[in-house]
Amino acid sequence: MFGVSGTGDTSGYGGVVAPIIYPGDAQRPYGGWFDEVADALEARLTSTDLDGAIERVVVHRGEITFHVRRHDLPFVAQMLRDDADLRFEFCASVSGVNYPDDEGREMHVVYHLLSMTFNRRIRLEVTCPDADPHVPSLVSVYPTADWHERETWDMFGIQFDGHPSMTRILMPDDWPGHPQRKDYPLGGIPVEYKGGSIPPPDQRRSYS
């Protein structure tokens, strides 16, 4: 591990790249209270003629994720919040993911919802193509999504339609690009902080 030579790979792992393996669709029964939530959600969607709003359900590592059609997202979120059998009152987090090889679904947005009434947590996930990175905002349903959606826009360039102030929150307003996208350049940007200066990786000294 400490005697690397030739490639310059100081990690000791030879540049091993793990393949991305997406978990498959879950089959009923999901187990535990997952089925109660899925049943209540399915019953409500069927009664409103939105049977296809949930594209797939994934249960992986003890967590359940509902993949939602992006144009149905606000309705599904409000239903999860207001239905007496669901009561997911709190949106704890919104995050983005960029999968360049997921053709037509390169940008993913993940919502972490908490039911304080039943002490349950679920995830909603929506996708959009890189060529049309638009997702409906959930600020009107969950006000806590305000800054989270701004951060996701800032880091990934996903536009949340209907957001009250879709502006950067971490990077300067005139910053080019979105730093957590997979196509964002690594290094090459000098960093300055309180009088100190850190050169970009491609200008730092090499260790041999």
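Each remark here, short or long, concerns the structure printed above.
Residues numbered from 1 in each chain as written. Predicted model: local features only at pLDDT ≥ 70, side-chain atom pairs only at ≥ 80, totals over all residues. Heavy atoms only, no water.

Draft legend 1. Summary view of the packing of helix H1 (residues 34-47) against helix H2 (residues 73-82). Packing of H1 against H2 brings their axes to within 11 Å, and their N-to-C directions diverge by 125°. When the axis of H1 is compared with that of H2, the two are oblique. Here H1 and H2 pass one another in a crossing that is right-handed. When H1 is examined against H2, the residues Leu41, Arg44 and Leu45 are found in contact with a partner set consisting of Val76, Met79 and Leu80. Of the residues in the contact of H1 with H2, the class split is five nonpolar, no polar and one charged. (Axes fitted to C-alpha atoms, helices over the stretch in contact; angles between N-to-C directions. Helix = DSSP H or I, 4+ residues; strand = E, 2+ residues; numbered from the N terminus. Parallel < 35°, antiparallel > 145°, perpendicular 65-115°, else oblique. Left-handed = near helix turned anticlockwise from the far one by under 90°. Contact = heavy atoms within 4.5 Å. Nonpolar A, V, L, I, M, F, W, Y, C, P; charged D, E, K, R; others polar.)

Draft legend 2. Structural view of the sheet that holds strand S2 (residues 63-68). The sheet built from five strands is open, its strands ordered S1-S2-S5-S4-S3 with mixed pairing. Sheet topology places strand S1 (54-60) and strand S3 (90-98) at the edges, where each strand pairs with a single neighbour. Averaged over all pairs of adjacent strands, the angle between their axes in this sheet comes to 20°, without regard to strand direction. Sheet topology places S2 next to strand S5 (residues 120-128); three bridges connect them, and they run parallel. Bridging across to S5, phenylalanine 66 finds its partner in leucine 124. In the packing of helix H3 (residues 145-156) onto the sheet, contacts are made with S3 and strand S4 (107-115), and the angle to S3 comes to roughly 5°. (Pairing = 2+ DSSP bridges.)

Draft legend 3. Region of the structure containing the packing of aromatic side chains. This model, assessed by the stated rule, comprises two aromatic pairs. Pairing tyrosine 22 with tyrosine 99 gives two aromatic rings, centres 5.3 Å apart and planes at 75°, and the pair type is edge-to-face. Here tyrosine 22, found in the segment before H1, pairs with tyrosine 99, found in the loop between S3 and S4; they are 77 residues apart in sequence, far enough to count as distant. Between tryptophan 33 and phenylalanine 34, the aromatic rings sit 4.6 Å apart at their centres with planes inclined by 85°, giving edge-to-face as the arrangement. In this structure, arginine 120 is placed above the aromatic ring of phenylalanine 118, and the distance from its NZ or CZ to the ring centre is 5.1 Å. (Phe/Tyr/Trp six-rings, centres within 6.5 Å; stacked < 30°, edge-to-face > 60°. Lys NZ or Arg CZ within 6 Å of the ring centre and 35° of its normal.)

Draft legend 4. Representation of the nonpolar core within the structure. By size, the foremost hydrophobic cluster in this structure holds 44 residues, and its most contacted members are Phe66, Leu80 and Tyr111. Per element, the largest residue contribution to this core is six residues, and it comes from H1. Among all residues touching phenylalanine 66, those that are not within four sequence positions of it are Val37, Ala38, Leu41, Ile54, Arg56, Val57, Ile122, Arg123, Leu124 and Glu125. (Core = buried A, V, L, I, M, F, W, Y, C linked by side-chain atoms within 4.5 Å. Buried < 20%, exposed > 50% of the residue type's maximum accessible area, 1.4 Å probe, protein only.)

Draft legend 5. Spotlight on unusual backbone geometry. Between arginine 28 and the following residue, proline 29, the backbone shows a cis peptide bond with an omega angle of -10°. Among the structural elements, proline 29 can be located in the segment before H1. Positive phi values are uncommon outside glycine, yet aspartate 49 reaches one of about 60°. Aspartate 49 gets classed as exposed once you look at its relative accessible area, which sits at 66%. Here the phi dihedral of arginine 61 falls at roughly 55°; this positive angle occurs in a residue that is not glycine. Note on placement: arginine 61 falls in the loop between S1 and S2.

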